[in-house]
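# Tertiary structure, described
The residues making up each chain are set out below.
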Amino acid sequence: MRITVVGTGYVGLVTGTCLAEIGNEVICVDVNEEKINKLRNGIPPIYEEHLEEMINNNLAKNRLKFTTSLERGVKLSDVIFIAVGTPPKSNGQIDMSQVDEVAKSIGKYINGYKVIVNKSTVPVGSANRVKNIVYLNMKDKSIEFDVVSNPEFLREGTAVFDTFNGDRIVIGSNSEKATEIMKEIYESFNIPMLITNPESAEMIKYASNAFLATKISFINEIANVCERVGADVKEVAKGMGIDKRIGNKFLNAGIGFGGACFPKDIKGLMQIGNDAGYEFKIVKKVLEVNNAQRIKPVEMLRRLFGNLNGVNVSILGLSFKPGTDDLREAPSLYVIKELQSDGANIKAYDPIAMENAKLVIGNSMTYCNDPYEAVEGSDVVVLLTEWAEFKKLDFNRVKELVNRPLIIDGRNTLDSNSLKEKGFEYFGIGLGDASVENTGPKESRIIRINQKKACVL
Ligand code: UDX
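Rules and cut-offs
- Residues numbered from 1 in each chain as written.
- Predicted model: local features only at pLDDT ≥ 70, side-chain atom pairs only at ≥ 80, totals over all residues.
- Helix = DSSP H or I, 4+ residues; strand = E, 2+ residues; numbered from the N terminus.
- Rg over C-alpha atoms; globule rule 2.2 N^0.38 Å.
- Contact = placed C-beta atoms within 7 Å.
- UniProt positions renumbered as here; feature names shortened; annotations may be inferred.
- Buried ≥ 20, exposed ≤ 12 C-beta atoms within 10 Å, placed from the backbone.
- Pairing = 2+ DSSP bridges.
- Axes fitted to C-alpha atoms, helices over the stretch in contact; angles between N-to-C directions.
- Near = placed C-beta within 6 Å.
- Nonpolar A, V, L, I, M, F, W, Y, C, P; charged D, E, K, R; others polar.
- Parallel < 35°, antiparallel > 145°, perpendicular 65-115°, else oblique.
- Left-handed = near helix turned anticlockwise from the far one by under 90°.
- Domains from an automatic or database assignment.
- pLDDT = per-residue confidence, 0-100.

Let us look at the overall build of the protein chain. A tally of helices and strands in the protein chain yields 20 helices and 14 strands. Expected size for 457 residues packed as a compact globule is a radius of gyration near 23 Å; at 25 Å, the protein chain falls within 12% of this value. A fraction of 71% describes how many contacts in the protein chain between residues 6 or more apart in sequence connect residues 24 or more apart.

What follows is the structure, encoded as structure tokens:
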């Protein structure tokens with residue numbers, strides 16, 4: 001199949017490269033010349049596991065090409081994926097200008113039947129919108145084309161793996177011909193396909209992300225109550241997750257969600273509701289809970305120290321989750337802002353997000369070369385991203401280096417018992433018996449989860 005992917009951001013580049021990997025001839029188009037030149041030399045602009053080797057493999061086999069010419073991309077392919085950015089506007093609406101521009105150009109250059117695929121996360125009704133724009137810009141109105149919606153469900157950091165191992169492929173199409181072509185493209189993936197109309201496909205994307213975010217805010221609220229009543233949210237999540245109707249994923253309590261998708265897609269979904277005359281109530285609260293949750297470590301520190309002016313805070317982890325250098329909507333940004341407004345001194349370390357952090361946060365805090373440098377002289381260590389390397393730290397060495405052996409674990413990822421044995425004061429999120437949030441009635445504070453469970457599940 002001859003395929004063009006417009007937009008070499010995280011979605012477009014991963015999609016294009018993976019489609020080349022399974023034997024298609026893929027042209028990736030982007031307006032950014034510098035990016036295209038680097039990609040021609042096998043250098044991706046983002047970090048994703050396996051992506052670089054896969055790009056180079058397919059460049060060598062001549063199945064993957066990079067160009068700034070959308071005209072070439074349109075004319076030489078049968079299927080055109082639109083994977084350009086759809087950022088939020090300041091009024092909460094989704095900025096569709098890049099999608100519109102691509103649709104205009106497709107109309108201008110179309111030279112035969114094409115399947116146009118909306119891969120970007122776009123509002124419900126966008127397949128129709130693209131269809132109209134393409135048609136309006138066509139010189140020869142007799143040329144046929146179809147527009148389908150094919151949302152992505154890739155997670156940053158595991159996007160290549162997710163492409164080949166996703167739970168479902170959603171194809172929103174009103175045309176049998178286009179549906180057959182899409183099925184052919186994805187046949188070898190061996191992933192269940194759901195064929196639906198474009199509007200439902202577009203909604204599935206928003207509803208899925210909003211639901212996952214809801215699970216996170218829900219468990220975070222449970223955590224906030226757990227620590228007041230002596231329950232342990234990790235045990236509670238385990239107990240809930242065993243119920244197949246609930247499922248055990250996305251029930252890790254902590255300092256909330258960040259990233260390019262969840263916050264943006266929730267706002268997008270609220271806007272879709274608004275535009276349709278409906279006010280979403282649940283997801284609005286999901287965002288509110290998350291906004292409060294992400295600065296929870298600061299609230300805990302305010303209670304512990306009273307005044308944070310001059311307190312030395314060491315931050316471990318800056319990216320919004322492990323496996324990526326992405327800082328978009330990362331809780332760390334909000335924590336740092338609050339700490340700085342309280343006058344705390346901040347030293348920070350992240351395994352791969354340091355360069356990005358310098359660009360985003362600037363020189364208002366100290367960037368360290370390793371975690372031990374970051375914790376030296378600290379009054380409190382605050383863990384914000386659950387990178388595996390933080391679990392493996394030599395905490396005896398950490399204890400030697402800090403002023404006060406105090407750890408706030410914003411991701412409940414460290415071994416609390418072992419840390420307490422080593423003499424650390426340890427506070428997680430919602431862990432019942434050890435929380436500074438523990439302001440409930442005295443009797444309830446001594447309730448403990450029975451660790452010796454009646455049966456092993
Ligand atoms: C998400 C969706 O998972 C993916 O399907 C969609 O295409 C894009 O958005 P991503 O943003 O890459 O992917 O990250 P994800 O792994 O979903 O995590 C999102 C955020 O939720 C992270 O900040 C993570 O730390 C947080 N999270 C996740 C929790 O706080 N608790 C959990 O249990 C799970």
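This part takes up the UniProt feature "binding site: NAD(+)" (unreviewed entry) in the protein chain. In the numbering adopted here, UniProt assigns the feature "binding site: NAD(+)" (unreviewed entry) to Asp30, Lys35, Thr86, Thr121, Glu156, Lys264 and Arg328. The greatest C-alpha distance among the annotated residues, which extend across 299 residues, is 24.8 Å, indicating that they are dispersed rather than converging on a single site. Within the element layout of this structure, Lys35 appears in helix H2 (residues 33-40). Lys35 sits in the partly exposed class, given 19 other C-beta atoms within 10 Å. Once you skip the residues sitting within four places of it in the chain, Lys35 turns out to touch Thr8, Asp30 and Pro45. Along the chain, the position of Thr86 falls in the loop between strand E4 (79-82) and helix H5 (97-109). With 22 C-beta atoms packed within 10 Å, Thr86 lands in the buried category. The contact partners of Thr86, leaving out residues within four places of it in the chain, are Ile94, Asp95, Met96, Val99, Ser120, Thr121 and Val122.

Spatially, E11-E10-E9-E12-E13-E14 is the arrangement adopted by the six strands of the open sheet, whose pairing is parallel. Sheet topology places strand E11 (366-367) and strand E14 (425-427) at the edges, where each strand pairs with a single neighbour. Judged from the two bridges that link them, strand E10 (residues 345-349) and E11 form a sheet pairing that is parallel. Across the sheet, residue Lys347 finds its bridge partner in E11, namely Thr366. Across the sheet, helix H13 (residues 296-305) touches strand E12 (380-383), strand E13 (406-409) and E14, and the angle it forms with E13 is around 150°.

Before going further, it helps to spend a moment on the pairing of strand E5 (residues 114-118). On any regular strand, side chains alternate: one points to one face of the sheet, the next to the other face. Among the five residues that make up E5, five are buried, leaving the element largely enclosed by the rest of the structure. Along E5, one buried face is formed by Lys114, Ile116 and Asn118 and the opposite face, lined by Val115 and Val117, is buried too. Bridge count for E4 against E5 is four bridges, and the pairing is parallel. Residue pairing for E5: Val79 is matched across the bridge by Val115.

Further remarks concern the site of the ligand. If you check the shell around the ligand, you find 20 residues, and the closest are Glu156, Asn252, Phe257, Gly259 and Cys261. Here the residues of the shell around the ligand sort into 10 nonpolar, six polar and four charged.

Moving on to the UniProt feature "binding site: substrate" (unreviewed entry) in the protein chain. Under the present numbering, the feature "binding site: substrate" (unreviewed entry) in UniProt falls on Phe153, Leu154, Arg155, Glu156, Lys205, Phe250, Leu251, Asn252, Ala253, Gly254, Gly258 and Lys321. Taking the farthest pair of C-alpha atoms as the criterion, the annotated set spanning 169 residues is dispersed, since that pair is 24.3 Å apart. Relative to the elements of secondary structure, Asn252 occurs in the loop between helix H10 (233-241) and helix H11 (262-275). With 19 C-beta atoms counted inside 10 Å, the residue Asn252 sits in the partly exposed group. Its 24 C-beta neighbours within 10 Å are what place Gly258 among the buried residues. In contact with Gly258, other than residues within four places in its own chain, are Phe320, Arg328, Glu329, Ala330 and Pro331.

This next bit is on the packing of helix H9 (residues 198-229) against H10. Orientation of H9 relative to H10, taken along the N-to-C sense of each, is 135°, at an axis distance of 9 Å. Put simply, H9 runs oblique to H10. You can see that H9 and H10 cross each other, and the crossing is right-handed. When H9 is examined against H10, the residues Ile219, Ile222, Ala223 and Cys226 are found in contact with a partner set consisting of Val233, Val236 and Ala237. Here the contact of H9 with H10 is built from residues that sort into seven nonpolar, no polar and no charged.

Mapped onto the fold, Glu156 is located in the loop between strand E6 (145-149) and helix H7 (159-165). Residues Glu156 and Glu202, 46 residues apart in the sequence, show an inter-C-alpha distance of 20 Å. Those residues in contact with Glu156 that lie beyond four places of it in its chain are Tyr10, Gly259, Thr324 and Asp326.

We now examine the domain arrangement of the protein chain. Partitioning the protein chain into structural domains gives domain 1 (2-195) and domain 2 (213-442). Tallying the contact residues gives 11 residues for domain 1 and 14 residues for domain 2.

Turning our attention to the confidence of the model for the protein chain. Averaged over every residue, the pLDDT of the protein chain is 93; the share at 70 or more is 95%. Low pLDDT, under 50, characterises residues 437-457; the predicted model gives this stretch 23 contacts beyond four residues in sequence or across chains. Of the two predicted TM-score estimates for the complex, the pTM is 0.91 and the ipTM is 0.98.

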